[in-house]
Amino acid sequence: MMSSSLVSGKRVAVPSAAKPCAAVPLPRAAGRRTAARVVCEAAPSGAAPASPKAEAAAPVAAVPATPHAEVKKERAPATDEALIQLKELLKRATAAQQEYSNFSQEQVDEIFRAAAEAANAARIPLAKMAVEETRMGVAEDKVVKNHFASEFIYNKYKHTKTCGVVEHDPAGGIQRVAEPVGVIAGIVPTTNPTSTAIFKSLLALKTRNALVLCPHPRAAKCTIAAARIVRDAAVAAGAPPNIISWVDVPSLPVSQALMQAPEINLILATGGPAMVRAAYSSGNPSLGVGAGNTPALIDETADVAMAVSSIMLSKTFDNGVICASEQSVVVVAKAYDAVRAEFVRRGAYFLTEDDKVKVRAGVVIDGKLNPNIVGQSIPKLAALFGIKVPPGTKVLIGEVEKIGPEEPLSQEKLCPILAMYKAADYDHGVKEACALIMYGGAGHTSVLYTNPLNNAHIHQFQSAVKTVRILINTPASQASSGRDPALLHSELGRGAIGDLYNFHLDPSLTLGCGTWGSTSVSTNVGPQHLLNIKTVTARRENMLWFRVPPKIYFKGGCLEVALTDLKGKSRAFIVTDKPLFDMGYADKVTHILDSINVHHQVFYHVTPDPTLACIEAGLKEILEFKPDVIIALGGGSPMDAAKIMWLMYECPDTRFDGLAMRFMDIRKRVYEVPELGKKALMVCIPTTSGTGSEVTPFSVVTDERLGAKYPLADYALTPSMAIVDPQLVINMPKKLTAWGGIDALTHALESYVSICATDYTKGLSREAISLLFKYLPRAYADGANDYLAREKVHYAATIAGMAFANAFLGICHSMAHKLGAAYHVPHGLANAALISHVIRYNATDMPAKQAAFPQYQYPTAKQDYADLANMLGLGGNTVDEKVVKLIEAVEELKKKVDIPPTIKEIFNDPKVDADFVARVDALAEDAFDDQCTGANPRYPLMADLKQLYLDAHAAPILPVKSLEFFSKIN
């Protein structure tokens, strides 16, 4: 059984009933001030959820005058039928767990993997379902949470031993053995229903436990849908049928009966304070969360731009519904004016005195947090409060002085509203932060923005605050969990979602707040908490990278010298297309191979946009020929096809669906690709100038059955050798010259502003851009008559390839992939139609959503574009003017190479135009889920991508009237 030390020693009476969304005061420790916290309690079983208007109009009971008083309401007990059904559910779960407890580590790990992949694949529909059902948050952000709950959790724990002997130290004579706790009751909140269900299900599967979920009544459909996806995948992988189950018709009486059932061995409780207290007083071991009221303290040594951008990123994530998000900002007086100005620059709106009166009245009603503001967008909040805010406003900020019941803005708000305090000095700021923590957020999370070397301030802060998550220079929502405050500041920042801004973090979606928050644990809940360990177990990463082929040969005529490097190889398989084969390009290669006694076979059936059928045909010949070197000869299509053939040849068990699965971080993907090159080297010889595929770890393959393009990415696909010989592109057709050149330019532009760009990649991007602006018009106009121009454009394509191989791309490629797959638009031409619109979209200092990556501290894309304009000598006085000049230069370059300015002109067919408009929503959603989207500096909403498609289709971008593009967050 689970150690009783996990259970709070206190016994708090379970409230018999509460009105929907009633606020219950938290227990108060000596000297502690406590804020009312919203508790979204169950509606009667089977009742339809109330509409927002009905909820707003419903009377809300007043908070009792005494802070220790409980709200006492009578509620009908669970029916006999409901209790019988619950008993049968627990009986089946117990039997399944007893069977599952005998599974081996290998069986469990396969089930864990299958379940994680299934949940990851369903992240978008589950997110949309959650928003539709709960009417809270932002679908795109819930996609991120679902993605995290599946991919990051799997990545963190995939190699963790949870079965039998997990550690053996012969020298010390210690052996540690892990066993499951049994049947777990999982309580799921309405604010994060699908991600919490995925997280708890995966932990249960990894630890050989059975899980019975009790959803919140207003999130039952989406919670059950998430649980069913995980359960079905686990069962298909060999798990017992009832290993994951759920209460079909949840209610408060049923959830209490579940938690008190003797069959339950452990409760994982995520919800309001009343629900968590009910779990701790159930008589069963429990792990629960605590309430939050996170302050962010900014001192005079902090990087103001980074601090403000981080807070905005965190507070706007899922409309502020995460309990770890910042609720107040405390700023030392010396930095106050700069911080205030930066907030305005990043899209915050400071409330006037009249506004604050209205907002206070709307935040707290009859002493309780208004449930109708939770997880709502700025436009909805403004309408609810009856105030006017500027378009594009991201956060509302009220400048206040008091802390406690007399100031409603000082408590947890769970929406994009912040309170802001001016502290006389740092000591005063620390005291203000401590007071805010103890007013409803004891034990949860606190944030300090300071110079990383300011050890004195860091030590003072970590010593003073009573939170178990102490974050230094880190967004609270994305990384709001920390180590014991006694540890050095380099150890701090253990994320609530974790493993993002510090790779030493344990990812989790269930947090403890220690005794300060009246919970039994002060760490992130993980597999170790769901195991009975007969001893104790203990068990890190952060780097950047630059990876290119080990050998890159270039210069006119280098083909022969480079291929002689293969001397000693015995069998070469050449992958190309029919036109190149017919024109004798393959003969140039085979002649050299003959001279060094390398046998060869040519596969020339690659078509534009290579399909799975094409790859399977080539692979069949490879398996028969058994080469020790594979040579890709051609443009992007032969190289893409050859890379996948190489992969399937080296690793026959590779699953294409796993390789195609999108990841948030290439180092943390669910699907692992082993190192290649054990059977054969991969040599790429480009005969076009554009794709850069000869030096990248990417491949684009079309599933002809679904009509979908899959951009695949893994450094295992990086070629062993690239041969960049300009003599092979001398006679390239004009259209290919234009389309390939703009494709290469797009690679350079997107990699330059990518959130993953580094000093190593930016120089390459700049050089490629410079070469293409100078030489592409000449190469297009004069072709074979201008060898220098051909040479420079060819080099530029490879240089840009090395840049985006390591910095990645952005939404221009995301959208181009889907446009090309749907309407057979050549890839470079699709990029050309979109790139200027994407530059305009990215050129903002206050994006509605900023992509999250540790090194990308605040939005820099606008300045980056301006720097490129300076490099090209385009003129302009302001940053905005320079960005406009860059857009004009790109459009002028497209004009010089005869590329139409709009998608409409590319289609040149009214029927196709109509079909495009009808399908644009689906295209936008597919583009949002494209692998390239995650590195874009402005993280897009699906509605943004739709508008970009429509803008690029309808009319030329010139003249550019404004760079403004306001995202519409519903």
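Residues numbered from 1 in each chain as written. Predicted model: local features only at pLDDT ≥ 70, side-chain atom pairs only at ≥ 80, totals over all residues. Heavy atoms only, no water.

- An unreviewed UniProt entry annotates the protein as alcohol dehydrogenase of Chlamydomonas incerta.
- On record in UniProt, under Cofactor (unreviewed entry), the comment for the protein is "Fe(2+)". (UniProt positions renumbered as here; feature names shortened; annotations may be inferred.)

**Details of the pattern of salt bridges**
Two side chains of opposite charge can pair, provided their charged atoms sit close to one another.
Item 1. Going through the model one piece at a time under the given rule, you end up with 27 salt bridges.
Item 2. Across the pair Glu 342 and Arg 346 runs a salt bridge, and its minimum N-O distance is 2.8 Å.
Item 3. The network of salt bridges with common partners includes Glu 342, Arg 345, Arg 346 and Asp 845. (Salt bridge = Lys/Arg side-chain N within 4 Å of Asp/Glu carboxyl O.)

**What about the environment of Gln 528?**
Item 1. Locating Gln 528 in the fold gives a position in the loop between strand S18 (467–472) and strand S19 (531–533).
Item 2. When the C-alpha positions of Gln 528 and Leu 203 are compared, they lie 9.4 Å apart, and in sequence the two are 325 residues distant. (Helix = DSSP H or I, 4+ residues; strand = E, 2+ residues; numbered from the N terminus.)

**Quick word on the sheet that holds strand S23 (residues 629–634)**
Item 1. With parallel pairing, the six strands of this open sheet are ordered in space as S20-S27-S24-S23-S21-S22. Looking at strand neighbours, the two that pair on one side only are strand S20 (551–554) and strand S22 (599–606), the edges of this open sheet. Adjacent strand axes in the sheet meet at a mean angle of 15°, parallel and antiparallel pairs treated alike.
Item 2. Pairing analysis gives four bridges linking S20 to strand S27 (residues 721–724), with the strands arranged parallel. Looking across to S27, one finds that Phe 554 is bridged to Val 724.
Item 3. In the packing of helix H20 (residues 636–650) onto the sheet, the strands contacted are strand S21 (571–577), S22, S23 and strand S24 (681–686), and the crossing angle to S23 comes to about 165°. (Pairing = 2+ DSSP bridges. Axes fitted to C-alpha atoms, helices over the stretch in contact; angles between N-to-C directions. Contact = heavy atoms within 4.5 Å.)

**A few points about the UniProt feature "coiled-coil region" (unreviewed entry) in the protein**
Item 1. The positions UniProt marks with the feature "coiled-coil region" (unreviewed entry) are residues 79–106.
Item 2. Secondary structure content for residues 79–106 is 82% helix and 0% strand, while the C-alpha to C-alpha distance between its ends is 42 Å.

**Topic: the packing of aromatic side chains**
Item 1. If you walk through the whole model with that rule in mind, you get 17 aromatic pairs.
Item 2. When the centroid spacing of 5.4 Å and the interplanar angle of 45° are considered together, the rings of Phe 148 and Phe 152 count as tilted. Taken together, the residues span about one helical turn, with Phe 148 and Phe 152 both in helix H5 (residues 139–157) at a distance of four residues.
Item 3. By relative accessible area, Phe 148 is classed as buried at 4%.
Item 4. Among the residues examined, Phe 152 registers a relative accessible area of 3% and is labelled buried.
Item 5. Look at Phe 554 and Tyr 795: their rings are 5.6 Å apart centre to centre, the planes differ by 80°, and that puts the pair in the edge-to-face class. (Phe/Tyr/Trp six-rings, centres within 6.5 Å; stacked < 30°, edge-to-face > 60°. Buried < 20%, exposed > 50% of the residue type's maximum accessible area, 1.4 Å probe, protein only.)

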